Amino acid sequence: MSHLQYDWESPVWRHWIDALSEKTMLIRYDERGTGLSDWVAEDISFTAMIADLESVVDAAGLDRFTLLGVSQSCAVSVAYAVRHPERVSGLILYGGFVKGWRKRSDSHEVATHEAMTALIREGWGQNNPVFRHLFTAMFIPGGDQVQMHWFDELQRISVSPGNAGRLHEAFGEIDVSDVLSQVTVPTLVLHARKDAAVPFQCGREFATGIHGARFVDLDSANHVLLSNEPAFDQFVREVRRFVAETT
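(A) Highlighting the side chain of Ser 2. Locating Ser 2 in the fold gives a position in the segment before helix H1 (14-21). The class for Ser 2 is buried, based on a relative accessible area of 13%. A polar atom in the side chain of Ser 2 sits 2.6 Å from the side chain of Asp 30. Those residues in contact with Ser 2 that lie beyond four places of it in its chain are Asp 7, Arg 28, Tyr 29, Asp 30, Glu 31, Thr 34, Gly 35, Leu 154 and Ser 158.

Here's what the structure looks like:
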C-alpha cells in the first residue's frame, strides 16, 4: 500500500524515502491496482506482481542492484532473485512472510483475515475512517495522532475498496517456501519483534530457509517503523552496511 506522490508528504513514510535515498539511488513503484499505478487491473496475482517488478527493472535500465522487499513484497523479491540472480547484488527483506495468511494453516488466523477482507470491502472507501483505523492500529500501534491520521488517509487515497480486498486475498495465497533454497545472492532479513501485522516467526522463516542469510531482530511493535524509534535507526544502519558490503 503506497502512493508515490502522497508518500513524500507522509510522516509515516517520508523518513524511509529520505534515509534510503541519502547515499544511494532509490527507485520505487506503486503495486498494480494501487497508488499512481493503473487501478483497473484484471490480474492481481503473485505471478503478475513478479512480472511488474521485472518490467520496472527493465524500464529503469538496471544491470545490477540491491533489491529491498517490504511486507508482501519480500516474497516477490525472493522470486525475482531466484529468476535473475545475475542482476541482484543483494537482497533485503523487511517485515515479510514466506507463506500468506491462508497458506499458514492456522484456522484462527484464516478466520480473522477473512473477516478483515469483508471489512476492507465494506468500509475502506468511506469518509469515516473507523474501519481503516483498525488496520492503522495494527500497522503502527506506536504512532501518534498525526501519524495515525495520515495512515488512515493513505489507505483511502492509495487503493479502492475492491482492489484492497482483492490484494488482501492475493497476499493470503503467496507461498515461496519451495524456492528459498534456490536463493544464491547475499540476503539480509529484518523483522520487528512485536509486529502485529506480520508475525515475527514469518520473518525468521526467510532467514532459516535462505542459505547464509543474516537475521536482525528489531525492537518494535510497528510494521512500518516510525522515525522517532531506535529500531528505525538500527534498520538504516544495517541496510547501509549491507549495501556497502555487497556492491
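(B) Just helix H6 (residues 145-158), in detail. For H6, spanning 14 residues, the distance from its first C-alpha to its last is 20 Å, which sits close to the expected 20 Å at 1.5 Å a residue. If you check which residues of H6 are buried, you get Gln 147, Met 148, Phe 151, Asp 152, Glu 153, Leu 154, Gln 155 and Ser 158. Close packing links the buried residues of H6 with helix H5 (130-139). At the N-terminal end of H6, a side-chain oxygen is found 3.1 Å from the backbone nitrogen of Val 146, two or three residues along, and the residue is Asp 144.

(C) Structural view of the pairing of strand E4 (residues 214-218). Direction of pairing for strand E3 (residues 187-192) relative to E4: parallel, over a ladder of five bridges. Bridge assignment links Leu 190 to a residue of E4, and that residue is Val 216. Once you follow E3 into helix H8 (residues 200-209) and on to E4, the crossover reads as right-handed.

(D) Representation of unusual backbone geometry in the model. Not every positive phi belongs to a glycine, and Ser 71 is a case in point at roughly 60°. Structurally, the position occupied by Ser 71 is in the loop between strand E1 (65-70) and helix H3 (73-83). Exposure remark for Ser 71: the relative accessible area of 11% places this residue in the buried category. If you check the backbone angles, Ser 105 has positive phi at about 60° while not being a glycine. Note on placement: Ser 105 falls in the loop between strand E2 (88-94) and helix H4 (107-123).

(E) Inspection of the packing of aromatic side chains at higher detail. Scanning all chains against the criterion turns up 10 aromatic pairs. Pairing Phe 232 with Phe 235 gives two aromatic rings, centres 6.2 Å apart and planes at 25°, and the pair type is stacked. Of the two residues, Phe 232 and Phe 235 are both situated in helix H9 (residues 230-246); the distance of three residues between them amounts to about one turn of the helix. As far as the burial class goes, Phe 232 and Phe 235 line up, both buried.

(F) Broad picture of the pattern of salt bridges. Using the criterion set out here, one finds 17 salt bridges in the structure. The residue Asp 219 makes a salt bridge to Lys 194 at a minimum N-O spacing of 3.6 Å. A residue pair is termed long-range when its members are at least 10 positions apart, and Asp 219 in the loop between E4 and H9 and Lys 194 in the loop between E3 and H8 qualify at 25 residues. Within the structure, one salt-bridge network assembled from shared partners comprises Arg 102, Lys 103, Glu 114, Glu 169 and Glu 173.

(G) Highlighting the sheet that holds E2. In spatial order, the strands read E1-E2-E3-E4; together these four strands make up an open sheet with parallel pairing. Each having just a single partner strand, E1 and E4 make up the two edges of the open sheet. When the angles between neighbouring strand axes are averaged without regard to direction, this sheet yields 15°. Pairing of E2 with E3 involves four bridges; the strand directions are parallel. The residue of E3 that forms the bridge with Leu 91 is Thr 187. H8 contacts E2, E3 and E4 of the sheet and is inclined by roughly 170° relative to E3.

(H) Seen up close, the packing of helix H2 (residues 46-60) against H3. The contact between H2 and H3 brings their axes to 9 Å, and the two run at 65°. Crossing hand, H2 versus H3: right-handed. Facing Phe 46, Met 49, Ile 50, Leu 53, Glu 54 and Val 57 of H2, the residues of H3 in contact are Ala 75, Val 76, Ser 77, Ala 79, Tyr 80 and Arg 83. Across the contact of H2 with H3, the residue classes break down as nine nonpolar, one polar and two charged.

What counts, and at which threshold
Each chain carries its own residue numbering, running from 1 in the written order of its sequence. Where local features are concerned, this predicted model is filtered to residues with pLDDT of at least 70; where side-chain atom pairs are given and counted, the filter is 80 or more; whole-chain, interface and lining totals use all residues. Computation of side-chain values: all heavy atoms of the structure, hydrogens and water removed. Secondary structure elements are taken from DSSP: a helix is a run of H or I of four residues or more, a strand is a run of E of two residues or more, and numbering for both begins at the N terminus. Here's how the labels work: a residue is buried when its accessible area is under 20% of the maximum for its type, exposed when over 50%, partly exposed in between, all with a 1.4 Å probe on protein chains only. Any N or O atom pair separated by 3.5 Å or less is treated as a polar contact, with the protein-specific requirement of one donor-capable and one acceptor-capable atom, and with residues adjacent in sequence counted only for side-chain atom pairs. In what follows, a contact means two residues having at least one pair of non-hydrogen atoms within 4.5 Å. Every helix has an expected span of 1.5 Å times one less than the residues it contains. Strand pairing is assigned whenever DSSP detects at least two bridges linking the two strands. A clockwise course of the path from the first strand over the helix to the second, judged with the strands pointing away from the viewer, identifies a crossover as right-handed. The rule is short: rings of Phe, Tyr and Trp, with Trp giving its six-membered ring, pair when the centres are within 6.5 Å, and they are stacked under 30 degrees, edge-to-face over 60, tilted in between. We define a salt bridge as a side-chain nitrogen of Lys or Arg found within 4 Å of a carboxyl oxygen belonging to Asp or Glu. Working convention: axes come from line fits to C-alpha atoms, limited for helices to the stretch in contact. Angles between N-to-C directions cover 0 to 180 degrees. Helix crossings are classified by the rotation of the near helix relative to the far one: an anticlockwise turn of less than a right angle makes the crossing left-handed, while a clockwise turn makes it right-handed. Under the scheme applied here, ten amino acids are nonpolar (Ala, Val, Leu, Ile, Met, Phe, Trp, Tyr, Cys and Pro), four are charged (Asp, Glu, Lys and Arg), and all others, including Gly, are polar.

The values are spatial; any link to function lies outside them.
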